[in-house]
Amino acid sequence: MIDLDLIYYRHNCYEKSHNMKKNVIDFFELTIVLDGEMDYIIGGERVELKSGDAVFLRRGDIRERYLITEPVDYVSFNFYSFYDFVLPIYIKGALTREIRHLIAACDQLNGKIDMDRYETVGFVLETILRLLQE
């Protein structure tokens, strides 16, 4: 079991997305592009994400994201953990059928008012991270 504390989950669903100014993050971030394209600057290097790609950022990484002018569908998870993840920053082809189903489960859970929803979405995120590490 991966010990993590989910602090943020968002499924963008083609909504207009803002840019992110250059900042140092103090959490982990997993962002998966379901459809469309996004550009990040991570540690001064440009990372172009296309449909199915993901970016995995660690505490202390410097990130920036350009304004997204075209419609894009993506999900982002921000969380704390002491686990030592074995994942690259850029994960090409990260979106498998299994992960797509797990994201759909997160969407269903996130719509609930239940106070435990973030804990439950966190369990689903653990499964996604395990699949990506394989």
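First things first, this report covers the structure right here in the doc. (Residues numbered from 1 in each chain as written. Predicted model: local features only at pLDDT ≥ 70, side-chain atom pairs only at ≥ 80, totals over all residues. Heavy atoms only, no water.)

### Some remarks on the overall build of the protein chain
- Along the protein chain, the regular secondary structure elements total two helices and nine strands.
- Taken from the N to the C terminus, the helices and strands of the protein chain come in the order β-β-β-β-β-β-β-β-β-α-α.
- Computed over the C-alpha atoms, the radius of gyration of the protein chain is 14 Å, within 12% of the 14 Å expected from 2.2 N^0.38 for a compact globule of 134 residues.
- Sorting the 134 residues of the protein chain into buried and exposed places 46% on the buried side.
- Within the protein chain, counting contacts between residues at least 6 apart in sequence, those at least 24 apart form 78% of the total.
- Of the roughly 7,700 Å² of accessible surface on the protein chain, a fraction of 52% belongs to carbon and sulfur atoms.
- Taking the average location of the 16 positive side-chain charges in the protein chain and that of its 23 negative ones, the two points are 4 Å from each other. (Helix = DSSP H or I, 4+ residues; strand = E, 2+ residues; numbered from the N terminus. Rg over C-alpha atoms; globule rule 2.2 N^0.38 Å. Buried < 20%, exposed > 50% of the residue type's maximum accessible area, 1.4 Å probe, protein only. Contact = heavy atoms within 4.5 Å. Areas by Shrake-Rupley, 256 points an atom, 1.4 Å probe, with all protein chains shown as cover. Lys, Arg positive; Asp, Glu negative; His and termini not counted. Charge placed at Lys NZ, Arg CZ, Asp CG, Glu CD.)

### Quick look at the sheet that holds strand β8 (residues 73-81)
- Spatially, five strands are ordered β1-β8-β3-β6-β9 in an open sheet, and the strand pairing comes out antiparallel. One side of each edge strand has no neighbouring strand; the edge strands of this open sheet are β1 (4-11) and β9 (90-91). (Pairing = 2+ DSSP bridges.)

### A word on the pattern of salt bridges
- Inspection of the entire model under this criterion finds four salt bridges.
- Taking the shortest distance from any N to any O, the salt bridge between Glu98 and Arg97 comes out at 3.9 Å.
- In this structure Glu98 comes out as partly exposed when scored by relative accessible area, which is 40%.
- Taking relative accessible area as the criterion, Arg97 reaches 60% and is therefore assigned exposed. (Salt bridge = Lys/Arg side-chain N within 4 Å of Asp/Glu carboxyl O.)

### Section: the nonpolar core
- Core analysis: the biggest nonpolar cluster contains 28 residues, and Leu30, Ile32, Phe77, Phe79, Ile128 and Leu129 have the highest contact counts within it.
- Elements with a minimum of two residues in this core: β1, β3 (28-35), β6 (54-57), β8, α1 (97-110) and α2 (117-133).
- If one sorts the elements of this core by residue count, α2 sits on top with six residues.
- With residues up to four places along the chain from it excluded, the contact list for Phe79 reads Leu4, Asp5, Leu6, Ile7, Phe27, Phe28, Phe56, Phe85, Leu125 and Leu129.
- Counting 14 residues, the second largest nonpolar core, distinct from the first, contains Tyr40, Val47, Ile68 and Tyr74. (Core = buried A, V, L, I, M, F, W, Y, C linked by side-chain atoms within 4.5 Å.)

### With respect to unusual backbone geometry
- Phi at Cys13 takes a positive value of approximately 50 degrees, unusual for a residue other than glycine.
- Among the secondary structure elements, Cys13 is positioned in the loop between β1 and β2 (20-24).

### Quick word on the sheet that holds strand β7 (residues 62-65)
- The antiparallel open sheet is built from four strands, whose spatial order is β2-β7-β4-β5. What marks the edges here is a single partner per strand, and that holds for β2 and β5 (45-50). Between one strand axis and the next, the sheet turns through 20 degrees on average, direction left out of account.
- Relative to β7, β2 runs antiparallel, the two being bridged by three bridges. In the strand pairing of β7, Asn23 is matched with Arg63. (Axes fitted to C-alpha atoms, helices over the stretch in contact; angles between N-to-C directions.)

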